[in-house]
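Residue-level listing of the chains:
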Amino acid sequence: MLTRIDHIGIACFDLDRTVEFYRATYGFEVFHSEVNEEQGVREAMLKINDTSDGGASYLQLLEPTREDSTVAKWLAKNGEGVHHIAFGTADVDADAAAIKDKGVRVLYEEPRRGSMGSRITFLHPKDCHGVLTELVTSAPVESPEH
Ligand code: CMX
Ligand code: CO
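Our subject in this report is the structure included herewith.

Cut-offs and rules
- Residues numbered from 1 in each chain as written.
- Chains lettered and ligands numbered in written order.
- Predicted model: local features only at pLDDT ≥ 70, side-chain atom pairs only at ≥ 80, totals over all residues.
- Heavy atoms only, no water.
- Near = heavy atom within 4 Å.
- Polar contact = N/O pair within 3.5 Å; in protein donor to acceptor, adjacent residues only side chain to side chain.
- Areas by Shrake-Rupley, 256 points an atom, 1.4 Å probe, with all protein chains shown as cover.
- 1 Å grid on protein atoms, 1.4 Å probe; cavity = no way out; pocket = protein on both sides within 12 Å on 5 of 7 lines; lining within 4 Å.
- Sits in = over half its atoms within 2 Å of the grid points.
- Helix = DSSP H or I, 4+ residues; strand = E, 2+ residues; numbered from the N terminus.
- Nonpolar A, V, L, I, M, F, W, Y, C, P; charged D, E, K, R; others polar.
- Points joined across faces, edges and corners; volume = space filled by probe spheres on them.
- Salt bridge = Lys/Arg side-chain N within 4 Å of Asp/Glu carboxyl O.
- Buried < 20%, exposed > 50% of the residue type's maximum accessible area, 1.4 Å probe, protein only.
- Phe/Tyr/Trp six-rings, centres within 6.5 Å; stacked < 30°, edge-to-face > 60°.

A word on the site of ligand 1
Around ligand 1, a shell composed of 18 residues is seen, among which Gln39, Lys73, Lys77, His83 and Lys126 lie nearest. His83 places a polar main-chain atom, nitrogen or oxygen, 2.9 Å from a nitrogen atom of ligand 1. Against a free-state accessible area of 980 Å², the protein chains account for coverage of 70% of ligand 1. Among the detected pockets, ligand 1 sits in the largest pocket. Taken together, the elements giving at least two residues each to the shell around ligand 1 come down to α2 (70-78), β5 (81-89) and β7 (119-123). Here the shell around ligand 1 takes five residues from α2, the largest share from any one element. Its residues assigned to classes, the shell around ligand 1 comprises eight nonpolar, six polar and four charged.

Here's the deal with the layout of surface pockets
Of the volumes computed, that of the largest pocket is approximately 730 Å³. Considering the residues around the largest pocket, the lining is formed by 30 residues, among which Thr70, Trp74, His83, Pro125 and Leu132 are closest to the centre. Contributions of two or more residues to the lining of the largest pocket are made by β3 (41-50), β4 (56-64), α2, β5 and β7. Among the elements that make up the lining of the largest pocket, the one with the highest residue count is α2 (six residues). Arg4, Gly54, Gly55, Ser138 and Ala139 are, among the 25 residues lining the second largest pocket, the residues nearest its centre. Broken down by secondary-structure element, the contributors of at least two residues to the lining of the second largest pocket are β1 (2-11), β3, β4 and β8 (133-137).

Considerations on the pattern of salt bridges
Tallying each qualifying case throughout the model produces 12 salt bridges. In this structure, Arg119 engages Asp93 in a salt bridge whose closest nitrogen and oxygen atoms are separated by 2.7 Å. Note that Arg119 is positioned in strand β7 and Asp93 in helix α3 (residues 92-101), a separation of 26 residues in sequence. For Arg119, a relative accessible area of 34% puts it in the partly exposed group. Residue Asp93 is classed as partly exposed on the basis of its relative accessible area, which comes to 34%.

Some details on the packing of aromatic side chains
Ring pairs (aromatic) are described by centroid distance and by the angle formed between their planes. Tallied over the entire structure, the rule returns six aromatic pairs. Consider the rings of Tyr22 and Tyr26, whose centres lie 5.5 Å apart with planes at 40°: the pair is tilted. In this pair, Tyr22 and Tyr26 both sit in helix α1 (residues 15-26), four residues apart, roughly one turn of the helix. The buried category is assigned to Tyr22, whose relative accessible area is 14%. Arranged with centres 5.7 Å apart and planes meeting at 55°, the rings of Phe31 and Tyr58 form a pair that is tilted.

Points about unusual backbone geometry
Even without being glycine, Met116 reaches a positive phi, approximately 55°. Locating Met116 in the fold gives a position in the loop between β6 (112-113) and β7. Judged by relative accessible area, Met116 falls into the partly exposed class, the value being 28%. Not every positive phi belongs to a glycine, and His129 is a case in point at roughly 50°. Its location among the elements puts His129 in the loop between β7 and β8.

In structure tokens form, the structure reads like this:
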């Protein structure tokens, strides 16, 4: 079951300058940043709020790391802007399978690694009224050491 907006993915040419815009304009701070080479992105997650399902909602700012990455291709065509929306679920495998059964193309056979150790997959934008849609299951919260 999809229980939150996990994040909105925003493509930008210059991650540091875009992070600074969100900090100076809204006061949002970087919660986490990483490079995901498989996806071809350098990214910053700005946490907006916790959600009632135990997760949170973020903005995901994305800068391409290589010319052949999906985000580089998209930026070249569209310029900067909203690239995708991501819904959070406790079980990305089950939700992706159920959505595939409804005739929507799921882009990965198996979920791949996303931000902060999450597991992610994508639905084809042409099957989702023009919206590239990601499904996310967050990494389990590690229990504190005793
Ligand atoms: N939102 C809406 N439509 C999109 C889109 C997007 N982000 N990206 C592509 N499209 C549309 C294009 O406009 C194009 O439509 P037209 O044929 O009408 O012009 C069509 O989809 C095909 O686009 P394309 O430019 O030829 O791109 P590809 O088919 O090569 O790739 C996609 C599209 C969705 C398969 C690819 O972007 C993909 O695999 N995305 C998933 C991975 C990803 O986006 N990773 C980066 C984020 C990582 C993260 O969130 O952690
Ligand atoms: Co994303």
